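Descriptive structure summary
Residue-level listing of the chains:
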Amino acid sequence: MLFFELFVQGLIHGSMYAMIAVGLTLVYGLLRILHVAHAGLFALGGYLGLLITNATGSLALAMITSALIVGLGGMLVYRLCYQPILDRPPYVPLIASIGVFIAMEEVFRLVFGPYGLTYNHPHLQSQVTLLGLNLRGAEIGMVITAMVLLGGLSYLAQNTRIGIAWRATVDDPEIAESFGIDAVKVRYLNFFIGSGLAAVGGIFISLLSNLVEPTMGGVPAYKALAIIVLGGLGNVKGTLVASLALGVVEAFGTIYIGSYLDRDAIAFAFLIAVLMIRPQGLFTGR
Amino acid sequence: MLRLETLSCGYGDMRAVHGLDLELVEGGTTALLGANGAGKSSTIMSVAGHVQVHEGKVLYRGEDITRATPMARVKKGIAVVPEGRRLFSSLTVRENLVVGGYSLPKPKSDAGIDRVMTLFPRLKERLDQRAGSLSGGEQQMLSIGRALMSEPALLMVDELSLGLMPKMIDACYQAVAELKRGGLTILLVEQSTHRALEVADQVCVLESGRSVWKGSAHEARNDTEIIDALLGLQAGPKA
Ligand SMILES: Nc1ncnc2c1ncn2[C@@H]1O[C@H](COP(=O)(O)OP(=O)(O)O)[C@@H](O)[C@H]1O
Ligand SMILES: [Mg+2]
């Protein structure tokens, strides 16, 4: 029973990592940029989610609104931070991205204060019993939402013209343009979707810890960067599998070696170990 | 229908083509020949809108399209089969064709796929296979099919036969001949002179980015030694 419970806990955290990491891997696949500022957008999602929930009492409204706002914010980051320097070597946009991330953290600190905010609706932390496990409503909601959103993304990518155009642009942007695909539109769509997903991930992590704070993007973002390497950079399916794997390893590690290493240390030890054995990531190719 | 006026194009400061004049007549097939590095692909890609034009003009049906985007050009009817095929290799055959027809309204896509299947029946069983898993010849067929999906009036094919098995070369040339009979204007780039001369009406030979010989394919066929000498290629059997 402990085994099953740990596995479920792993999936819960893994699905949250997936929500963050997918956006990162999408940006990498399209532009070959390590989009560190993604972590700032994720934290922005957490803040907006909490503020809107506390103001209106509706978590659903908070999610939809902040996903839309953060999605637009992601497009803005692309337009202002990446588009002018796309033809530079990769470290240039990387440095710009780190700068945007730090700036966003400081803005959160200035606007919302350094100590963090909590939800004022206790029912969001309520427990339910499912399959013999005591889970929080937020945890179940997170897994279901992640499945629905990532499933929707997969449907979009596989079955719609714009999704096919998007994948074609990742494969060969120049030739895709030759057939009438607007690469700029595809990039905006990419940032909108990736950032919107990150916002929802940010709201869920804030629900799980009942806290949003200026630096909340940091640790999940480092993990997400490692996850997308593990999943084979730019590989969406690999990223999903790597996210879940990391969640499960963390859950088991916390129980069995938790007295030596904390949760985050276990995650990084695992990622370093895997990357030493398979530096190309668990999955190569798309 | 397509006219290049003293076209110079290249990459950054580097010039790949110098002052090229070329005119393609509607419905004609023009072979652009030349050794490796002569500037053939650069010419094609500048017509497609991917290589920077330094000087001169690209006129298409009388309209100056020198500065048009690649997207605008495909809508006007210019399609390219690029060197090395450059398929979207992680996409299926069908998806590659859908992308080919992206500039047209959706309903035209299905009809287009049917037409491509008639031209290349081999692709039919492979519609849901990933493009990267096709053989070289099938990939070239798909690359031609993808270009045809945009219902072009001008088809530019770069290195149709390069790296293909003889049987596949025959099949691809047969398709080109059929397209020619259907009235399509074709610009054919080849290193293999003899195959190109069989199907072409007009010939232009490039050397180091300059046009060094122009004439009808008929003249060229009767003068293969000269052409081959210009190209520095081995003389093959006479056509
Ligand atoms: N992407 C590129 N960047 C810089 N130079 C290039 C590029 N592509 C081709 N060239 C140069 O342009 C010249 C013409 O090349 P190309 O048009 O590919 O010739 P061809 O197709 O006849 O073999 C060559 O000197 C080649 O090295
Ligand atoms: Mg070439």
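All values derive from a computational prediction rather than experimental measurement. (Residues numbered from 1 in each chain as written. Chains lettered and ligands numbered in written order. Predicted model: local features only at pLDDT ≥ 70, side-chain atom pairs only at ≥ 80, totals over all residues. Heavy atoms only, no water.)

Okay, the overall build of chain A next. Each helix and strand in chain A was counted, giving 11 helices and two strands. In sequence order, the secondary structure elements of chain A are arranged as α-α-α-α-β-β-α-α-α-α-α-α-α. In terms of overall size, chain A behaves like a compact globule, its C-alpha atoms giving a radius of gyration of 19 Å where 286 residues would be expected to give roughly 19 Å. Judged by the C-alpha coordinates and their principal axes, chain A covers about 55 × 45 × 35 Å. (Helix = DSSP H or I, 4+ residues; strand = E, 2+ residues; numbered from the N terminus. Rg over C-alpha atoms; globule rule 2.2 N^0.38 Å.)

What follows concerns the packing of helix 1 (residues 2-31) of chain A against helix 10 (residues 236-256) of chain A. Residue and element names in this part refer to chain A. Put simply, helix 1 and helix 10 touch, their axes get as near as 6 Å, and they point 140 degrees apart. Looking at the two axes, helix 1 sits oblique to helix 10. The crossing of helix 1 and helix 10 is right-handed. Residues belonging to the contact of helix 1 with helix 10 are distributed by class as follows: 19 nonpolar, nine polar and one charged. (Axes fitted to C-alpha atoms, helices over the stretch in contact; angles between N-to-C directions. Parallel < 35°, antiparallel > 145°, perpendicular 65-115°, else oblique. Left-handed = near helix turned anticlockwise from the far one by under 90°. Nonpolar A, V, L, I, M, F, W, Y, C, P; charged D, E, K, R; others polar.)

A word on the pairing of strand 2 (residues 133-136) of chain A. Residues and elements named next belong to chain A. Side-chain alternation along strand 2 places L133 and L135 on a buried face and N134 and R136 on a face that remains uncovered. Sheet topology note: the strand 1 (residues 127-130)/strand 2 ladder contains four bridges and is antiparallel. The residue bridging L130 from the neighbouring strand is L133, located in strand 2. The antiparallel pairing of strand 1 with strand 2 creates a hairpin that spans two residues between the two strands, and L131 there sits at a positive phi of about 55 degrees. (Buried < 20%, exposed > 50% of the residue type's maximum accessible area, 1.4 Å probe, protein only. Pairing = 2+ DSSP bridges.)

Another aspect to go through is the site of ligand 1. Residue and element names in this part refer to chain B. Lining the immediate environment of ligand 1, one finds Y11, M14, A16, A35, N36, G37, A38, G39, K40, S41 and S42. Contacts to ligand 1 include N36, whose side-chain N or O atom sits 3.2 Å from an oxygen atom. Within the backbone of G39, an N or O atom sits 3.0 Å from an oxygen atom of ligand 1. When ligand 1 is considered free in solution it has 560 Å² of accessible area, and contact with the protein chains removes 61% of it. Of all the elements in the fold, those that place two or more residues in the shell around ligand 1 are strand 2 (14-24) and helix 1 (40-48). Taken together, the residues that form the shell around ligand 1 break down as five nonpolar, five polar and one charged. (Near = heavy atom within 4 Å. Polar contact = N/O pair within 3.5 Å; in protein donor to acceptor, adjacent residues only side chain to side chain. Areas by Shrake-Rupley, 256 points an atom, 1.4 Å probe, with all protein chains shown as cover.)

Okay, the confidence of the model for chain B next. Per-chain confidence: chain B averages 92 in pLDDT, with 95% of residues scoring 70 or above. Scored by ipTM, the complex comes to 0.90, with pTM at 0.89. (pLDDT = per-residue confidence, 0-100.)

Attention shifts here to the sheet that holds strand 9 (residues 202-207) of chain B. Residues and elements named next belong to chain B. The strand order 6-7-8-3-9-10 describes an open sheet built from six strands, whose pairing is mixed. Of all strands in the sheet, those with a lone pairing partner are strand 6 (78-81) and strand 10 (210-216), marking the two edges. When the angles between neighbouring strand axes are averaged without regard to direction, this sheet yields 15 degrees. As paired strands, strand 7 (residues 154-158) and strand 8 (residues 185-190) are joined by five bridges and run parallel to one another. Within strand 8, the position partnered with L155 by the bridge is I186. Helix-sheet contacts for helix 5 (residues 136-148) involve strand 6 and strand 7, and the interaxial angle to strand 6 is about 170 degrees. Strands in contact with helix 6 (residues 166-181) are strand 3 (29-34), strand 7 and strand 8; relative to strand 8, the strand with the most contacts, it is inclined by about 155 degrees. (Contact = heavy atoms within 4.5 Å.)

One recurring pattern in soluble globular proteins is that nonpolar side chains are buried together. Residues B:L97, B:L155, B:M156 and B:V203 are the most contacted members of the largest nonpolar core, which totals 157 residues. Counting residues per element, this core draws most heavily on helix 1 of chain A, at 14 residues. Setting aside its immediate chain neighbours within four residues, B:L97 contacts B:I113, B:V116, B:M117, B:L127, B:L142, B:G145, B:R146 and B:M149. (Core = buried A, V, L, I, M, F, W, Y, C linked by side-chain atoms within 4.5 Å.)

Within helix 3 (residues 93-100) of chain B, seven of the eight residues are buried, which leaves the element mostly enclosed by the surrounding structure. Restricting attention to buried positions, one finds in helix 3 of chain B the residues B:V93, B:E95, B:N96, B:L97, B:V98, B:V99 and B:G100. Buried positions along helix 3 of chain B lie against helix 5 (137-159) and helix 6 (161-171) of chain A together with helix 4 (107-119) and helix 5 of chain B.

The next thing to look at is a nonpolar patch on the surface. On the surface, A:L2, A:I255, A:Y256, A:I257, A:Y260 and A:L261 cluster together to form a nonpolar patch covering roughly 640 Å² of accessible area. On the basis of relative accessibility, which here comes to 46%, the residue A:I255 falls in the partly exposed class. (Patch = residues over 30% accessible without salt bridge, like charges linked within 9 Å, V, L, I, M, F, W, Y side chains within 5 Å. Salt bridge = Lys/Arg side-chain N within 4 Å of Asp/Glu carboxyl O.)

Residue and element names in this part refer to chain B. On the protein side, the magnesium ion (ligand 2) has S41 (OG) and E83 (OE) as donor atoms, found 2.0 to 2.4 Å from it. Placement of the pair is S41 in helix 1 and E83 in the loop between strand 6 and helix 3, with a sequence separation of 42 residues. Overall, E83 belongs to the partly exposed group, its relative accessible area being 33%. (Donors = N, O, S within 2.8 Å, 3.2 Å for Na, K, Ca; no water.)

Glancing now at the sheet that holds strand 1 (residues 2-11) of chain B. All names here are of chain B. An order of 2-1-4-5 is seen for the four strands of this open sheet, with the pairing classed as antiparallel. Among the strands making up the open sheet, the edge pair consists of strand 2 and strand 5 (63-64). Bridging between strand 1 and strand 4 (residues 52-60) involves seven bridges; their strand directions are antiparallel. Of the residues in strand 4, the one forming a bridge with C9 is V53.

Okay, the side chain of B:Q139 next. Residues and elements named next belong to chain B. Mapped onto the elements, Q139 comes out in helix 5. Residue class for Q139 comes out buried when judged on its relative accessible area of 18%. A distance of 3.2 Å separates a polar atom in the side chain of Q139 from the backbone oxygen of L134. Ignoring any residue separated from it by four or fewer positions in sequence, one finds Q139 in contact with R85, L87, A131, G132 and L134.

Okay, the packing of helix 5 of chain A against helix 6 of chain A next. Residue and element names in this part refer to chain A. The N-to-C vectors of helix 5 and helix 6 enclose an angle of 80 degrees; their axes lie 5 Å apart at closest approach. Of the possible angle classes, the one that applies to helix 5 and helix 6 is roughly perpendicular. Residue-level inspection shows L153, L156, A157, Q158 and N159 of helix 5 in contact with helix 6, the latter providing R161, I162, G163, I164, W166 and R167. In terms of residue class, the contact of helix 5 with helix 6 is made up of six nonpolar, three polar and two charged.

Turning next to the interface of chain B and chain A. Facing the 27 residues of chain B at the interface are 19 residues of chain A. The contact between chain B and chain A buries some 2200 Å² in all, and 60% of this surface belongs to carbon and sulfur atoms. Ranking the residues of chain B by area buried against chain A places B:M71, B:F88 and B:Y102 at the top, with a combined share of 30%. Scanning the region where chain B abuts chain A turns up three salt bridges. Joining chain B to chain A, the criterion identifies nine residue pairs in polar contact (both at pLDDT 80 or more). Split by residue class, the side of chain B that touches chain A holds 15 nonpolar, seven polar and five charged. (Buried area = accessible area lost by both parts, 1.4 Å probe.)

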